[in-house]
Amino acid sequence: MGKRTPFYDLHLKAHAKIVDFAGWDMPLHYGSQIQEHHQVRQAAGVFDVSHMGIVDLHGTEAGAFLRRLLANNIDRLVEGKALYTCMLNENGGVIDDLIVYKITNDFYRLVINAGTREKDITWMQQHAASFKLEMKERTDLAMLAIQGPAIQEKITRFMPKEQAVVLQTLKPFTFTMLDDWFIARTGYTGEDGYEMIFPAKEADKLWRALLAAGILPCGLGARDTLRLEAGLNLYGSDMDETVSPLESNLAWTVVLEPQDRIFIGRDALERQTQQGIKRRLVGLVLEGPGVIRNHQKVIIKEDGEGEVTSGGYSPTLEKSIALARVPADIGAACFVEIRQKEVPARVIKPPFVKQGKKMF
C-alpha cells in the first residue's frame, strides 16, 4: 500500500483507477483519460496534487539561502509573486524543478515534485546549515489544481463573491492568502487556472464544492497529455541530474547576472556555455503513422541521433507529439524509429498547444 492523500476515499467514490506514482496511490483516470483531457481544454477540471511537497522557509537569511540554492534569481520576486526555477547539483545537473513563492522578505514557500521530495529536502537541509532559517515540510496541508478556460466563471460558484473577485484579478504567477488558504494563479496544463493549498481537514468540503460547481475530477493520465501539449517538462523524463537546464529548454530559468551571485552549479553552466551546448530539447510532431513513445530513437540523417524523452498522443491535435533531446544543430525535420521503421517528424519549438490553440 502506498501513501495516500486526503482525497483518496473521494477518488474511490468517483470510480478512479488507482496506480502507484512515486510511492503514492493516485488516480490515473476516472473512466476516460481523453475525456478528462478535453474537459480541461474546453471547460474545467480539478487535479489532486497533494502528493507534491510543500516546504516553508522562515528566517532573516531565507532569501540569501535561496540565492545560493537556485539557478533562477529570487531577487526578481516581490511579495505575492512566484518564480519557476531549477535546483542544481555542482555539475549543473537538475536535482528538481520547483516553484518558489515570496510571502515576505523572511518567508518563502517552495512546491517540489513528489518523486524527489525526500532527496530535495535532504539536499536543502545540507546547504541550509550555514544560514539562519527554519525549514518546515507542511504535511498538514493539501493541494488541488483547478484548470481550464471556464475556471473564472466557475469560481464564483464555490467561493464567496469578494474572494472570487480577488482570485479573478490575480495575474499569472502571482498568489494571494485568504485566511489559511494559499491560492496561486499557476498550473501545469497550458490553461488558465489556480493551484490551491489549504488545511488537509478541509479537503472533503472543497472537493464536493468543486464537483457541485461543474469542475470535474481528472487524473494523472490527462495531466501528462496536457503538460506535454503545453511543452512543459516532466522531471525524471525530460531532465534529471545528468543534464543541465541549458540542454532541457530551460535556459530561460537560469540567471547569471549579477556576476557576484554564486549559486550551486553556476561554474558548470558557465563552462557549458563557453564550450557550446551539444544537445537541446525540442518538440516533435509526427508526420506519419504511429505514436511516439519515450526512449525511441530520433534519427537525423548524416548528423547523429537523439532520444525521445516524453512522447504520446495529443488529444487536442489528434496526432502524436514528443519532446526529444537531440544534437543542437538539428534542422527542421528528422525521423523517429517506431517498430523498426523510420517515420518522418517535424521539429518545432514547444509549446504545441497554448490555451486550446495550436502553436505551430
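Up top is the structure.
In this report, the structure presented in the accompanying data block is examined. (Residues numbered from 1 in each chain as written. Predicted model: local features only at pLDDT ≥ 70, side-chain atom pairs only at ≥ 80, totals over all residues. Heavy atoms only, no water.)

**Quick notes on unusual backbone geometry**
So, point 1. Cis geometry is found at the peptide bond from glutamate 257 to proline 258, where omega equals 0°.
So, point 2. Here proline 258 lies in the loop between helix H8 (220-229) and helix H9 (266-275).
So, point 3. Here the bond from proline 350 into proline 351 is cis, since omega is 15°, no more than 30 degrees from zero.
So, point 4. Checked against the element boundaries, proline 351 lands in the loop between strand E19 (341-348) and strand E20 (353-354).
So, point 5. Look at phenylalanine 173: it is not a glycine, yet its phi comes out positive at around 65°.
So, point 6. Along the chain, phenylalanine 173 falls in the loop between helix H6 (161-168) and strand E10 (175-178).
So, point 7. A residue is classified by how much of its surface remains accessible, and phenylalanine 173, at 31% relative accessible area, is partly exposed.
So, point 8. Phi angles above zero are rare outside glycine, and arginine 339 is one such case at about 50°.
So, point 9. Tracing the chain through its elements places arginine 339 in the loop between strand E18 (333-338) and E19. (Helix = DSSP H or I, 4+ residues; strand = E, 2+ residues; numbered from the N terminus. Buried < 20%, exposed > 50% of the residue type's maximum accessible area, 1.4 Å probe, protein only.)

**With respect to the packing of helix H2 (residues 33-42) against H8**
So, point 1. Two elements in contact, H2 and H8, have axes whose closest approach is 8 Å; the angle formed by their N-to-C orientations is 50°. As far as their axial angle goes, H8 and H2 are oblique. Once H2 is placed against H8, the crossing between them reads as right-handed. Along the contact surface, H2 presents Gln33, Glu36, His37, Val40 and Arg41, while H8 presents Gly221, Ala222, Thr225, Leu226 and Glu229. (Axes fitted to C-alpha atoms, helices over the stretch in contact; angles between N-to-C directions. Parallel < 35°, antiparallel > 145°, perpendicular 65-115°, else oblique. Left-handed = near helix turned anticlockwise from the far one by under 90°. Contact = heavy atoms within 4.5 Å.)

**Concerning the sheet that holds strand E6 (residues 94-104)**
So, point 1. Pairing within the open sheet is antiparallel, and its five strands lie in the order E5-E6-E7-E4-E8. Each having just a single partner strand, strand E5 (82-88) and strand E8 (134-137) make up the two edges of the open sheet. Within the sheet, the average angular offset between the axes of one strand and its neighbour, ignoring direction, is 25°.
So, point 2. Note: strand E4 (residues 53-58) against E8, four bridges, orientation antiparallel. (Pairing = 2+ DSSP bridges.)

**Quick notes on the side chain of glutamine 39**
So, point 1. Structurally, the position occupied by glutamine 39 is in helix H2.
So, point 2. Judged by its relative accessible area of 19%, glutamine 39 is buried.
So, point 3. Setting aside its immediate chain neighbours within four residues, glutamine 39 contacts Ala44, Gly214 and Leu216.

**Considering helix H3 (residues 62-69)**
So, point 1. For H3, the complete set of buried residues consists of Ala62, Gly63, Phe65, Leu66 and Leu69. The arc that holds the buried residues of H3, viewed along the axis, is 160°, so those residues lie on one side.
So, point 2. Of the surrounding secondary structure, the elements contacted by the buried residues of H3 are E4, E5, E6, strand E7 (107-112), helix H4 (117-128) and E8. (Arc of directions from axis to C-beta.)

**Focus: the sheet that holds strand E9 (residues 141-147)**
So, point 1. Taking strand neighbours across the sheet as the criterion, the six strands line up as E10-E11-E12-E9-E3-E13 in an open arrangement whose pairing is mixed. Where the open sheet ends on each side, the last strands, each with one partner, are E10 and strand E13 (216-217).
So, point 2. One ladder, built from two bridges, connects strand E3 (residues 45-48) with E13; its direction is parallel. Directly across from valine 46, in E13, lies its bridge partner proline 217.
So, point 3. Running over the sheet, helix H7 (residues 203-212) touches E3, E9, strand E11 (181-184), strand E12 (193-199) and E13 and is turned about 10° from E9.

**Remarks on H9**
So, point 1. Taken residue by residue, H9 has Arg266, Ala268, Leu269 and Gln272 as its buried positions. Looking straight down H9, one finds its buried side chains confined to an arc of 160°; they lie on one side. Opposite the buried face of H9, by more than 90 degrees, sit the exposed residues Asp267, Gln274 and Gln275.
So, point 2. In the stretch just after H9, glycine 276 is the one whose phi turns positive, near 95°.

All quantities given are derived from atomic positions and should not be read as evidence of function.
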